[in-house]
Amino acid sequence: MEITLILGISIIGLLFATYLIRNVLSRDTGTDAMRDISWAIRQGAEAFLRRQNRTILTLAFMLALLLYILYAFVRAHNENDPTATASALAFWTTLSFVLGALCSVAAGYMGMWTSIRSNIRAAAGAQKDMNSALQPALRGGAVSGFFVVAMSLFGVAGLYALVSWSGSADSPDKIPLLIVGYGFGASFVALFAQLGGGIYTKAADVGADLVGKIEAGIPEDDPRNPAVIADLVGDNVGDCAGRGADLFESTAAENIGAMILAAALYRENAALFAAQNLPLTSVLLFPLVARAFGIIASMIGILSVRVNEREDPMKALNRGYYITSILAVIGFFAASRWLLGGEYYFHFFLCGLIGVLTALAFVYLTQYYTEYRYRPVREIAKSSQTGPATNIISGIAVGMESTGFPVLVIAAAIVAAYYLGLSSGLHAGLFGTAVATMGMLSTAAYILAMDTFGPITDNAGGIVEMSRQSAEVRERTDRLDAVGNTTKALTKGYAVGSAALAAFLLFSAYLDEIKVYMPEFNHVINLNKPEVFVGSMLGAVLVFLFSSMAIKAVGKAAYSIINNVRDQFRNNPGIMEGTAKPDYGQCVDIATKAALRQMVAPGLLVVGLPVAVGLVFKWLYYGMGKSIAGMEAASGAEVVGGVLMVGTIAGIIVALFLNNGGAAWDNAKKYIETGMYGGKRSDPHKAAVVGDTVGDPFKDTAGPSLHVLIKLLSTITLVLAPLFL
């Protein structure tokens with residue numbers, strides 16, 4: 001019954017996304033000038049994504065082939081394996097990886113496909129009233145949210161049903177070990193999608209800002225800027241396609257990780273669950289049922305959003321989020337009561353409630369550090385009065401400060417959920433943290449709708465500006481664009497918070513998986529062992545090397561765009577006079593080629609390092625006879641555990657720093673543009689534009705890519721753990 005319910009609600013979620021697509025596409029597309037600009041954005045975005053997806057799928061196919069060879073022919077079959085033969089284990093691991101990769105590509109593409117058709121509807125709606133502009137933007141963003149969450153749930157549940165039907169697993173609690181490749185495939189694609197899109201969007205943004213705003217002194221989204229179309233395309237390929245793939249892999253990986261911990265929970269408490277007449281499948285599928293109820297809650301939340309002309313659009317979006325959160329809590333209560341028994345359920349319901357409250361806490365903390373209503377951003381704006389150097393110093397300080405309270409919130413959530421799980425009377429501390437993670441992700445569909453709302457409204461503002469609409473129309477899109485900047489920042493905070501809780505969940509799942517394959521393992525990874533300490537250092541430095549490569553990639557791509565824009569201004573004076581059109585296609589092509597070229601090396605570094613560490617230290621472990629000078633050595637799996645544990649911690653903190661610091665720089669610039677400290681074109685404004693340019697690759701390239709890196713480390717270790725033993 002449970003699996004039927006999960007698959008049924010997943011299909012309802014996909015049908016709801018289809019309804020939203022039809023609703024958005026039925027709306028007015030505005031003037032001919034608007035349609036021309038929208039068409040140029042569509043062409044650039046679709047061309048980039050086609051080329052990027054070909055590259056990603058080629059890499060994914062090569063990795064899938066390698067996975068099959070390693071499992072089927074290189075690794076010796078283990079009596080503790082979840083299947084009877086090595087070929088069966090290789091088949092299911094590879095198949096789940098391929099399906100995860102394909103679904104992640106599809107999720108990213110659907111998000112972008114809808115956003116590049118919603119932007120013009122939002123722009124045209126702004127000609128009428130605020131609600132007519134907000135509705136297509138939010139509903140267009142919701143298509144991505146529901147498609148991602150529903151398809152992720154459908155994929156995991158469908159794979160579970162398929163493996164169960166085939167009889168390949170020794171028992172139902174071993175099935176999650178056969179489908180962990182689904183999360184790995186999704187994470188692999190998401191890393192390249194987020195990284196490639198982030199490089200593209202920020203290279204175009206930096207090029208457009210530095211030459212257009214600072215050197216030429218023209219407004220943002222001015223049609224005379226040759227990089228403006230590339231900038232608008234970047235909003236879609238980075239913030240829509242990239243984030244869609246990011247949250248798809250988040251939900252897929254956490255679903256499977258929670259199922260692995262649920263299986264371990266049942267094994268340790270089988271007699272107690274039997275006394276409550278609770279079968280294994282009830283406990284095992286609880287995470288998926290709770291997630292399914294979250295889809296229903298998000299549907300109601302989206303449909304409840306309305307705004308009038310005088311109301312702040314952010315209030316309407318927040319109202320929808322509160323409705324979604326309340327309904328998600330109710331759904332969590334129902335799922336806990338139904339599937340976890342009358343004696344234990346309330347403890348796990350409270351764990352889910354902690355997850356929901358943690359999400360709210362991250363929303364408010366991110367607002368505090370990134371909105372110009374509050375002290376941190378105003379300090380950056382004030383420091384701009386003395387030039388770019390003090391602006392950058394202040395921005396870095398705010399970014400560092402912004403890591404403190406979020407880490408305390410994460411710590412409180414993990415500890416509280418862990419002890420609530422233990423207090424249930426079961427050995428359920430780790431499962432309690434898994435349930436908290438599921439609670440935090442229960443509103444993921446609505447959160448992703450708010451996230452994609454941002455680039456859609458940004459594009460709508462660009463279309464209105466470039467098509468020379470009236471000041472009243474531009475004022476509406478400016479209000480929505482400001483709200484969109486806030487929602488993008490909030491959802492990045494949510495993404496980091498969910499990644500942090502999920503990382504602990506997936507690390508615990510990794511230890512449980514090692515226990516299954518190697519029963520003598522005692523669930524302890526000892527940092528006192530030199531091999532584990534070395535692996536931990538490599539995990540931490542991986543975060544910094546990856547961030548460096550991502551930021552440098554933006555700089556290299558932006559360099560080419562800046563030179564192209566300067567050349568066009570110099571060689572064609574009619575552009576600035578308004579008598580000639582710039583060649584937008586040149587900048588689009590430069591950004592596309594640079595992003596695809598620069599994304600490969602950092603992505604392969606993330607995949608290659610844990611694999612190399614695991615195999616090298618496995619060879620040393622067995623080569624030394626499992627001991628060195630009489631002391632027990634660390635196995636490859638233990639050393640990789642060090643990479644995973646410390647790499648995750650470093651990734652969370654650096655991602656918070658990059659995301660919040662970059663968003664604070666951006667909003668400090670916008671605060672000055674409201675008229676403070678001289679307003680637009682003043683010296684403080686020019687200093688703030690420089691700070692915003694530094695922050696762009698922080699918040700839109702390296703920071704979001706680290707969310708994926710954190711979970712990719714977890715999923716790759718889950719999939720390859722048997723190879724390290």
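This text follows the structure it describes.
Residues numbered from 1 in each chain as written. Predicted model: local features only at pLDDT ≥ 70, side-chain atom pairs only at ≥ 80, totals over all residues. Heavy atoms only, no water.

### Some words on the overall build of the protein
Here comes step 1: Looking only at helices and strands, the protein features 23 helices and 2 strands.
Here comes step 2: For 725 residues, the compact-globule formula gives about 27 Å, and the C-alpha radius of gyration of the protein, at 25 Å, lands near that figure.
Here comes step 3: Seen through its C-alpha atoms, the protein measures out along the principal axes to roughly 75 × 55 × 45 Å.
Here comes step 4: Buried positions account for 66% of the 725 residues belonging to the protein.
Here comes step 5: Within the protein, contacts between residues at least 6 apart in sequence are counted, and of these 85% link residues at least 24 apart.
Here comes step 6: In the protein, the 52 positive side-chain charges and the 53 negative ones have mean positions that sit 3 Å from each other. (Helix = DSSP H or I, 4+ residues; strand = E, 2+ residues; numbered from the N terminus. Rg over C-alpha atoms; globule rule 2.2 N^0.38 Å. Buried < 20%, exposed > 50% of the residue type's maximum accessible area, 1.4 Å probe, protein only. Contact = heavy atoms within 4.5 Å. Lys, Arg positive; Asp, Glu negative; His and termini not counted. Charge placed at Lys NZ, Arg CZ, Asp CG, Glu CD.)

### Section: the packing of helix α2 (residues 32–74) against helix α16 (residues 444–466)
Here comes step 1: Where α2 meets α16, the axes come as close as 9 Å, and the angle between the chain directions of the two elements is 135°. When the interaxial angle is binned, α2 and α16 end up oblique. For the pair α2 and α16, the crossing hand works out as right-handed. Residue-level inspection shows M34, I37, S38 and I41 of α2 in contact with α16, the latter providing N459, I463, V464 and M466. (Axes fitted to C-alpha atoms, helices over the stretch in contact; angles between N-to-C directions. Parallel < 35°, antiparallel > 145°, perpendicular 65-115°, else oblique. Left-handed = near helix turned anticlockwise from the far one by under 90°.)

### What to know about the packing of aromatic side chains
Aromatic ring pairs are reported here in terms of the distance separating the ring centres and the angle at which the planes meet.
Here comes step 1: By the definition in use, this model includes 25 aromatic pairs.
Here comes step 2: Measuring from ring centre to ring centre gives 6.4 Å for F286 and F431, while their planes differ by 55°; the resulting arrangement is tilted. On the criterion of sequence distance, the pair formed by F286 in helix α9 (residues 280–303) and F431 in helix α15 (residues 429–440) is long-range, its members being 145 residues apart.
Here comes step 3: Residue classification places F431 among the buried positions, given a relative accessible area of 3%.
Here comes step 4: Put simply, the rings of F97, F184, F188 and F192 touch in pairs and so form one group of aromatic residues.
Here comes step 5: Just above the ring of Y345 sits the side chain of R337; from NZ or CZ to the centre is 5.1 Å. (Phe/Tyr/Trp six-rings, centres within 6.5 Å; stacked < 30°, edge-to-face > 60°. Lys NZ or Arg CZ within 6 Å of the ring centre and 35° of its normal.)

### Some words on a nonpolar patch on the surface
Here comes step 1: Side chains of F61, M62, L65, I69, F73 and V74 sit close together on the surface and give an oily, nonpolar patch of about 670 Å² of accessible area.
Here comes step 2: Along the chain, the position of F73 falls in helix α2.
Here comes step 3: A relative accessible area of 62% places F73 in the exposed class. (Patch = residues over 30% accessible without salt bridge, like charges linked within 9 Å, V, L, I, M, F, W, Y side chains within 5 Å. Areas by Shrake-Rupley, 256 points an atom, 1.4 Å probe, with all protein chains shown as cover. Salt bridge = Lys/Arg side-chain N within 4 Å of Asp/Glu carboxyl O.)

### Overview of the nonpolar core
Here comes step 1: Of all hydrophobic cores here, the largest spans 256 residues; its most connected members are F146, Y200, I229, F286, F431 and Y510.
Here comes step 2: In terms of residues, this core owes the most to one element, helix α7 (residues 228–268), which gives 21 residues.
Here comes step 3: Once you skip the residues sitting within four places of it in the chain, F431 turns out to touch A258, L261, A262, L265, F286, L340 and F348. (Core = buried A, V, L, I, M, F, W, Y, C linked by side-chain atoms within 4.5 Å.)

### Here we look at the layout of surface pockets
Here comes step 1: A volume near 1,300 Å³ is recorded for the largest pocket.
Here comes step 2: D478, A482, N485, K670 and E673 are, among the 50 residues lining the largest pocket, the residues nearest its centre.
Here comes step 3: Put simply, the parts of the chain that give the lining of the largest pocket at least two residues each are α6 (180–216), α7, α10 (313–339), α11 (345–370), α16, α17 (471–517), α22 (636–673) and α23 (683–724).
Here comes step 4: When residues of the lining of the largest pocket are assigned to their parent elements, the largest contribution, 9 residues, is made by α17.
Here comes step 5: Taken together, the residues that form the lining of the largest pocket break down as 10 nonpolar, 9 polar and 31 charged.
Here comes step 6: Looking at the second largest pocket, its volume works out to about 420 Å³. (1 Å grid on protein atoms, 1.4 Å probe; cavity = no way out; pocket = protein on both sides within 12 Å on 5 of 7 lines; lining within 4 Å. Points joined across faces, edges and corners; volume = space filled by probe spheres on them. Nonpolar A, V, L, I, M, F, W, Y, C, P; charged D, E, K, R; others polar.)

### Examining the packing of helix α12 (residues 375–383) against α22
Here comes step 1: Taken N-terminus to C-terminus, the directions of α12 and α22 make an angle of 65°; their axes are 8 Å apart at the nearest point. The orientation of α12 relative to α22 falls into the category roughly perpendicular. You can see that α12 and α22 cross each other, and the crossing is right-handed. Here V377, R378, I380 and A381 of α12 come into contact with α22, specifically with A664, W665, N667, A668, Y671 and I672.
Here comes step 2: Grouping the amino acids of the contact of α12 with α22 by side-chain chemistry returns 8 nonpolar, 1 polar and 1 charged.

### Examining empty space enclosed by the protein
Here comes step 1: For the coordinates displayed, the defined rule picks out 7 cavities of 30 Å³ or more.
Here comes step 2: As a volume, the largest cavity reaches approximately 90 Å³.
Here comes step 3: In terms of lining, the largest cavity is formed by N485, K488, A489, K492, N659, A663, D666, N667, K699 and D700.
Here comes step 4: Breaking the lining of the largest cavity down by element, the ones donating at least two residues are α17, α22 and α23.

### Focus on the side chain of R121
Here comes step 1: Topologically, R121 is positioned in helix α3 (residues 86–125).
Here comes step 2: Buried charge R121 goes without a salt bridge, the closest partner of opposite sign being D28 at 7.9 Å.
Here comes step 3: At 2.9 Å, the side chain of R121 and the backbone oxygen of R117 are in polar contact.
Here comes step 4: Ignoring sequence-local partners within four residues, the contact set of R121 consists of V24, L25, R27, D28, T29, S132 and P136. (Polar contact = N/O pair within 3.5 Å; in protein donor to acceptor, adjacent residues only side chain to side chain.)

### A few points about α3
Turn by turn, an α-helix covers 3.6 residues, leaving residues three or four places apart pointing in a common direction.
Here comes step 1: Helix length check: α3 (40 residues) gives 58 Å between terminal C-alpha atoms against 58 Å at 1.5 Å per residue, within 8%.
Here comes step 2: Counting buried positions over the 40 residues of α3 gives 31, a clear majority of the element. (Expected span 1.5 Å × (residues − 1).)

### A look at the environment of G352
Here comes step 1: In this structure, G352 sits in helix α11.
Here comes step 2: For the pair G352 and A90, spaced 262 residues apart in sequence, the C-alpha to C-alpha distance is 35 Å.
Here comes step 3: Discounting residues that sit within four places of it in the chain, G352 has contacts with F332, V435, A436 and G439.

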